[in-house]
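Analysis of the macromolecular model
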Amino acid sequence: MLLVVFLINDFPFFMQEPWLVGLLSFHAVFLLVCIMSRKNINFQMFLFLLALGGVYGAERLNGILAANWKSFARQNYFDSHGIFLSTLWSGPLLVIAIIILVNTLFSLCYLIVRWKKAELRHRARLASNKED
């Protein structure tokens, strides 16, 4: 919510930094792919590992971007603590990873319910066959 207010108030600022528009577009596309592929658990696990890999590499990425910021940005956003990159890179990736995790848990619950129903139907069939 805070990011949306920040984007609305400083929208011209983001238009001056095309790499920020690209970064936000990347997160939007990544989220859309995550939502559209919610039925494919294997692909979701790939996206989950990709998101967590991006978070894992954030510190190294911050160092690389801090050393080369003049080639793509108007000012240096990349401090030694990595607050900016954590907010705009790792934060959205962690939110997407949590969405994938919750979706996976719901899918597993649904699968367990289906399995238990099939087991109960099988036991009922066995019991009815014994009575015959």
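Conventions adopted
- Residues numbered from 1 in each chain as written.
- Predicted model: local features only at pLDDT ≥ 70, side-chain atom pairs only at ≥ 80, totals over all residues.
- Heavy atoms only, no water.
- Helix = DSSP H or I, 4+ residues; strand = E, 2+ residues; numbered from the N terminus.
- Buried < 20%, exposed > 50% of the residue type's maximum accessible area, 1.4 Å probe, protein only.
- Contact = heavy atoms within 4.5 Å.
- UniProt positions renumbered as here; feature names shortened; annotations may be inferred.
- Core = buried A, V, L, I, M, F, W, Y, C linked by side-chain atoms within 4.5 Å.
- Lys, Arg positive; Asp, Glu negative; His and termini not counted.
- Salt bridge = Lys/Arg side-chain N within 4 Å of Asp/Glu carboxyl O.
- Polar contact = N/O pair within 3.5 Å; in protein donor to acceptor, adjacent residues only side chain to side chain.
- pLDDT = per-residue confidence, 0-100.
- Phe/Tyr/Trp six-rings, centres within 6.5 Å; stacked < 30°, edge-to-face > 60°.

Another point: the overall build of the protein chain. Counting its secondary structure elements, the protein chain contains six helices and zero strands. Each helix and strand of the protein chain, placed in order from N terminus to C terminus, yields the pattern α-α-α-α-α-α. When the 132 residues of the protein chain are sorted by exposure, 25% land in the buried category. In the protein chain, of all internal contacts separated by at least 6 residues, the share reaching a separation of at least 24 is 62%.

A separate point is the UniProt feature "transmembrane region" (unreviewed entry) in the protein chain. As recorded in UniProt, the sites labelled "transmembrane region" (unreviewed entry) are residues 20-38, 45-69 and 89-113. The span residues 89-113 shows a helical share of 100% and a strand share of 0%, and its end C-alpha atoms are spaced 37 Å apart.

Trp19, Phe30, Phe78, Leu85, Trp89 and Ile100 are the most contacted members of the largest nonpolar core, which totals 21 residues. For this core, the elements supplying multiple residues, two or more each, are α3 (18-36), α4 (41-56), α5 (58-67) and α6 (83-131). Among the elements that line this core, the one with the most residues is α6, at seven residues. Among all residues touching Trp89, those that are not within four sequence positions of it are Leu23, Phe26, His27, Gly54, Val55, Ala58 and Leu61.

Along the chain, the position of Glu17 falls in the loop between α2 (11-16) and α3. Despite its burial, Glu17 pairs with no opposite charge; the closest candidate is Arg74, at 4.5 Å N-O. Looking at Glu17, its side chain comes within polar contact range of the main-chain nitrogen of Arg74, at 3.2 Å. Of the polar contacts made by the side chain of Glu17, one reaches the side chain of Tyr77; its length is 2.9 Å.

This prediction gives the protein chain a mean pLDDT of 88; 88% of its residues lie at or above 70. Across the protein chain, α4 holds the top mean pLDDT of 96, while helix α1 (residues 2-9) sits lowest at 54.

So, on to the packing of aromatic side chains. Going through the model one piece at a time under the given rule, you end up with 11 aromatic pairs. Look at Phe78 and Phe84: their rings are 6.0 Å apart centre to centre, the planes differ by 85 degrees, and that puts the pair in the edge-to-face class. A relative accessible area of 5% means that Phe78 is categorised as buried. Among the aromatic residues, those joined into a cluster by ring pairs are Trp19, Phe72, Tyr77, Phe78 and Phe84.

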